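Listed below are the residues making up each chain.
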Amino acid sequence: MPVNICKFKALFLVSLFFPGALFAQKTFNVTIELDSSINPKKVHYQYDNGKSTIFVPDTFGNNRTIVLRGAYYSPYTALNVNYSDSAKNYFGNDFFLTDTPAKIDFYFKPNMDGSLDYSHVENAVRVYDTVDNKILLDLWAFTKKEGIALGAFFNQNKGALGRNDSIKREFVKLYKARVKRAMLFLQNYPGDYFSFWYFRNQLVQLPNGYLNRDTAFLKEQLTYFNTIFPAKFTKSIEGQNLKEIFDAVLSPVKTGEMAPAFSLIDVDGRKIDLTALKGKYVLLDFWATWCGPCMAEIPFIKEIRKKYPADKLVIIGMSQDKNKKAFADAIKKEGMNWLHFFDSEGDISRLYGVNYFPTLILINPIGKIIYLSDGKLEDKDALRPVLTRFLD
């Protein structure tokens, strides 16, 4: 093992006891080399920055040397590199990175583990390393029975999971059993960052995981978070972000309630303060260019903009895009002549508990929510009469 990797592992251990400045914003820098066994156009990159998952735009073409940089707010950023072969089988690998420049050389060899292999690594540590990470090795042994049952059921029923409710319920039951077993194990290592990271990223999976509608279990997980892990994790940016997600899912905004206040800078550099907009109606549009229904709803939003002037109704688009260019191009191409915020890290979405798109929220002049998309009725049918009632 290269010496610099050993030093990185030593830093990983030391940081568990001296977390101080590790939660400030830092920047990672990693150079990735792809050998001739890999088609560069089929490699995709994303990283967890401590607040959300950032999907790197596919703009590298046939380049075999890629340099990735990004800000992160946790002790480490977790980089995921994912590759699909000609048969559309997926292979990947995950690495913890620090603000020390790193380098990883990848090659592809078909395997049953779904792993994208590497021949050289500097200043990066594989997340799922069962050689050096004893906690992970013991965790997998501790949850082996539940994992086998879950995997076997999935392989036997994966074709019916999306259309058979009874099969889905049984799958979720087995999935929950595995999650609970893992939580039981991790409580033995509350001060280890990997335990906290695994809980946050693999066991909670909010807002769109299999258990996001199981309110009782989510409350159990929130209690676990608050009581098991020490303040160096729960009070960190990463921990507070997770708590906000729990709060938003467990206590989502409702019609008739006051809208959560926010202050932000839009894409044109203008400050938007919801409190300062009292006296006007405000329509929040949570959308993204990758969301087909969102793009299909744009003509309806344009119709609203045309009918109601900006001094009466303020429209703010809250984009969930990760690709800022795609976001900006869509605004220009579609003629979306209202305010826009690039909510790539999901701060406003979490504040409002939004976990499906598109979502429209209408706020009245005193700051109360009077319309909220329910995911069932089309907004153009449900919102139009509300606008007519209050604004015409």
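Preceding block: the structure.
As the structure is a computational prediction, the values presented were derived from the model and not from experiment. (Residues numbered from 1 in each chain as written. Predicted model: local features only at pLDDT ≥ 70, side-chain atom pairs only at ≥ 80, totals over all residues. Heavy atoms only, no water.)

J.: Mind laying out the pattern of salt bridges, listing which residues take part and the relevant values?
T.: Throughout the structure, instances matching the rule amount to 14 salt bridges. The salt bridge partner of R200 is D48, with a shortest N-O separation of 2.6 Å. With R200 in helix α5 (residues 193–204) and D48 in strand β2 (residues 43–48), this residue pair connects regions lying 152 residues apart in the sequence. In this structure, R350 and D347 form a salt bridge, with 2.5 Å as the shortest nitrogen-oxygen distance. You can see R350 and its partner D347 sitting in helix α11 (residues 347–352), three residues apart, about one turn around the helix. Residue R350 is classed as buried on the basis of its relative accessible area, which comes to 11%. Each member of the salt-bridge network shares a partner with another, and the members are D48, R200 and E238. (Salt bridge = Lys/Arg side-chain N within 4 Å of Asp/Glu carboxyl O. Helix = DSSP H or I, 4+ residues; strand = E, 2+ residues; numbered from the N terminus. Buried < 20%, exposed > 50% of the residue type's maximum accessible area, 1.4 Å probe, protein only.)

J.: Tell me about the pairing of strand β13 (residues 313–319), residues and numbers included.
T.: With seven of its seven residues buried, β13 lies for the most part within the structure. Burial of β13 is two-sided: the residues L313, I315, G317 and S319 facing one way and the residues V314, I316 and M318 facing the other way are all buried. Sheet topology places strand β12 (residues 281–287) next to β13; seven bridges connect them, and they run parallel. Opposite F286, over in β13, you have M318 as the bridge partner. For the crossover from β12 across helix α9 (residues 292–307) to β13, the handedness is right-handed. Sheet analysis places β13 next to strand β14 (residues 339–342), joined by four bridges and oriented parallel. (Pairing = 2+ DSSP bridges. Right-handed = clockwise from strand over helix to strand, strands pointing away.)

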